[in-house]
Amino acid sequence: MIFSKFENMVAGRYLRAKRKEGFISVITSFAFIGIALGVATLIIVTSVMNGFKSELLGRILGINGHISIVAIRNTPFNNYQEAVKLLESKILGVNIAIPMVEKQLLATAGNSAEGVMVRGINASDIQKKKVLRDGFKDFDLKLFNGDTIVLGQRLANKLGVMEGDEVTLLSPSGKITMFGTVPRMKTYRVAGTFNFGMYEYDANFIFMPLDAAQKFFSLGDGVTGIDVTLRDGADVDYIRQIIAAAIESSGNKAFVYDYRQTNSAFFNAIDVERNVMFIVLTLIILVAAFNIITGLIMLVKDKGRDIAVLRTMGATKGAIMRIFFLDGAFIGAVGTVLGVVLALLFCDNIENIRQFLQSVAGRDLFAAEIYFLSQLPAKVEMSVVLTVAGISLLLSFLATLYPAYRAAKMDPVEALRYE
């Protein structure tokens, strides 16, 4: 649609209301602010939920792997060294294969007791993954040997222990004696703590050297599982099928599953919530669009005499329609741009804003116990920004059509008569 200089001038004049037209100006301002806030809110909420999912997925894959190979109960992998070499060298797409021993135990220290997940792993394997390295950055991995354990910071706080203290681990699957099954228990020295920034791991996990875990669980030279991390862009489904087929052909038995199967309910819940929030928050923009309709209808009614004069001077119905379309489109376009800028600035400083609001409120606004992560993430995706901006502009433009059409259909004779 091409607009003449005359149409642009008149449309701009109508946007600058006089004092007696103050109420119309207020409605226009509300529509403008509503569009901006609606766009900003929609982008911010969507970006936070995308960031939450991305950050959570990154930490899960950084601590575990894309694919897990878990031995069936009481049948540990005794030839895991060969299996690791085959996985890393023979299957395209596999980046890292880490053998480990993982069991649920009871940890006690003093009068405190907590259910924990104990993972036995080699210090060299911790160095292979960035999330693990970063989590252990305050701990010297040279001390990760013998009868030592490393606790999550939150778990250490719950047990009330620190470096140098002792923690007793109890396993319900112990030795069978003539008096029944005696739980297996052993005391370990706390060599340090780790912090992955993810509550589930920091509050429930204990790491110990692989050989110590094999000894405690009487596994000999075996492991209970192998975590497989893939290269970027690798096909998870295809590689999982290859690994499962290889294990079956070798005569071994094991469970093979990927991270999506393990966390399917959680990630599906995030996706559903994100989609619902997108729909609900779009209603904010829709309400603002109705404000544009209200403002323009009142402006058309107020400018009835002006429209009649313009028509008698030769302005066409199309010109009148374009004038009021320009007014509504300007409100929608500028409000959308302002909303996008506001959202980008907010997302870029979201953690600082959270810390400020938290200090003002005097309470934790993003509890790690509830949200799993210790920091509020935000991931701005350009596709989301463009989609939100497009929806906002579309609703704004559609909102201008009826008022503009009504202005164009106004009879100049009737308008002058009632004036």
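A.B. asks: Would you take a moment to explain the pattern of salt bridges for this structure?
C.D. replies: Pairs can form between side chains of opposite charge whenever their charged atoms are close. Tallied over the entire structure, the rule returns nine salt bridges. The partner of lysine 158 in a salt bridge is glutamate 114, and the shortest N-O contact between them spans 3.7 Å. Here glutamate 114 lies in strand β3 (residues 112-121) and lysine 158 lies in helix α6 (residues 153-159), a separation of 44 residues in the sequence. Across the pair arginine 260 and aspartate 258 runs a salt bridge, and its minimum N-O distance is 3.3 Å. Judged by its relative accessible area of 33%, arginine 260 falls in the partly exposed class. For aspartate 258, a relative accessible area of 2% translates into the label buried.

A.B. asks: Please explain unusual backbone geometry as it appears in this structure.
C.D. replies: Note on backbone geometry: most residues besides glycine have negative phi, and most peptide bonds are trans. Located in the positive-phi region is serine 218, a residue other than glycine, with phi close to 55°. For serine 218, the position within the fold is in the loop between α8 (210-216) and β8 (225-230).

A.B. asks: What should I look at first to understand the packing of helix α13 (residues 317-348) against helix α16 (residues 382-409) in this one?
C.D. replies: Direction vectors running N to C along α13 and α16 enclose 155°, while the axes themselves pass 8 Å from each other. The angle between α13 and α16 falls in the class roughly antiparallel. The handedness of the crossing between α13 and α16 comes out as right-handed.

A.B. asks: For this particular structure, what's the right way to read a nonpolar patch on the surface?
C.D. replies: On the surface, Val26, Phe30, Ile33, Leu37 and Leu342 cluster together into a nonpolar patch covering about 440 Å² of accessible area. Looking at which element gives the most residues to the nonpolar patch, the answer is helix α2 (residues 22-63), with four residues. Residue position: isoleucine 33 is located in helix α2.

A.B. asks: Explanation requested: the environment of glycine 62 in the structure shown.
C.D. replies: Note on placement: glycine 62 falls in helix α2. Between the alpha carbons of glycine 62 and arginine 133 there is a distance of 9.6 Å; along the sequence they are 71 residues apart. When residues no more than four places from it in sequence are discounted, the contact partners of glycine 62 are Lys129, Val131 and Leu132.

A.B. asks: Can you help me understand helix α14 (residues 350-361) in this one?
C.D. replies: Here α14 contains twelve residues, and its C-alpha end-to-end distance of 16 Å stays within 8% of the 16 Å for a straight helix at 1.5 Å per residue. Those residues of α14 that sit buried are Ile350, Glu351, Arg354 and Gln358. Here the buried residues of α14 occupy an arc of 95° about the axis, which is enough to place them on one side. Turned more than 90 degrees away from the buried face of α14 sit Asn352, Phe356, Ser359 and Val360, all of them exposed. Positioned one or two residues after α14, glycine 362 has a phi angle of 75°, which is positive.

A.B. asks: How do you make sense of the pairing of strand β1 (residues 67-71) when you look at a structure like this?
C.D. replies: It is a general feature of regular strands that their side chains alternate between the two faces of the sheet. Counting buried residues along β1, four of its five residues qualify, which places the element largely inside the surrounding structure. As paired strands, β1 and β8 are joined by four bridges and run antiparallel to one another. Directly across from isoleucine 67, in β8, lies its bridge partner valine 228. In the sheet, β1 pairs with strand β9 (residues 254-258) via five bridges, with the strands oriented antiparallel. Looking at the pairing, valine 70 lines up with phenylalanine 255 of β9.

A.B. asks: For this particular structure, what's the right way to read the packing of aromatic side chains?
C.D. replies: Aromatic rings in a pair are described by how distant their centres are and how their planes are angled relative to each other. The full count for this structure, using the stated rule, is 14 aromatic pairs. An aromatic cluster of three or more residues is present, and its members are Phe136, Phe139, Phe144, Phe194, Phe196, Tyr201, Phe205 and Phe207. The ring of phenylalanine 216 carries the charged tip of arginine 184 above its face, separated from the ring centre by 6.0 Å. Of note, lysine 186 hangs over the ring of tyrosine 188, and the distance from its end group to the ring centre comes to 5.8 Å.

A.B. asks: Just to check I follow, could you spell out the environment of phenylalanine 255 for this structure?
C.D. replies: With respect to the element layout, phenylalanine 255 can be found in strand β9. In this structure the C-alpha to C-alpha distance between phenylalanine 255 and alanine 71, which are 184 residues apart in sequence, comes to 6.4 Å. Residues within four places of phenylalanine 255 in sequence aside, it is in contact with Ser68, Ile69, Val70 and Ile72.

A.B. asks: Help me understand the side chain of threonine 282, please; the structure alone is not making it clear to me.
C.D. replies: Of note, threonine 282 is situated in helix α11 (residues 264-302). Threonine 282 sits in the buried class, given a relative accessible area of 14%. Setting aside its immediate chain neighbours within four residues, threonine 282 contacts Leu42 and Ile391.

A.B. asks: Even after reading the chapter, I still don't get the side chain of glutamine 214, so can you show me in this structure?
C.D. replies: Residue placement: glutamine 214 occurs in helix α8. Residue class for glutamine 214 comes out buried when judged on its relative accessible area of 7%. Those residues in contact with glutamine 214, other than ones at most four positions away along the chain, are Tyr80, Val101, Leu219, Gly220, Asp221, Gly222 and Val223.

The rules behind each value
- Residues numbered from 1 in each chain as written.
- Predicted model: local features only at pLDDT ≥ 70, side-chain atom pairs only at ≥ 80, totals over all residues.
- Heavy atoms only, no water.
- Salt bridge = Lys/Arg side-chain N within 4 Å of Asp/Glu carboxyl O.
- Helix = DSSP H or I, 4+ residues; strand = E, 2+ residues; numbered from the N terminus.
- Buried < 20%, exposed > 50% of the residue type's maximum accessible area, 1.4 Å probe, protein only.
- Axes fitted to C-alpha atoms, helices over the stretch in contact; angles between N-to-C directions.
- Parallel < 35°, antiparallel > 145°, perpendicular 65-115°, else oblique.
- Left-handed = near helix turned anticlockwise from the far one by under 90°.
- Patch = residues over 30% accessible without salt bridge, like charges linked within 9 Å, V, L, I, M, F, W, Y side chains within 5 Å.
- Areas by Shrake-Rupley, 256 points an atom, 1.4 Å probe, with all protein chains shown as cover.
- Contact = heavy atoms within 4.5 Å.
- Expected span 1.5 Å × (residues − 1).
- Arc of directions from axis to C-beta.
- Pairing = 2+ DSSP bridges.
- Phe/Tyr/Trp six-rings, centres within 6.5 Å; stacked < 30°, edge-to-face > 60°.
- Lys NZ or Arg CZ within 6 Å of the ring centre and 35° of its normal.

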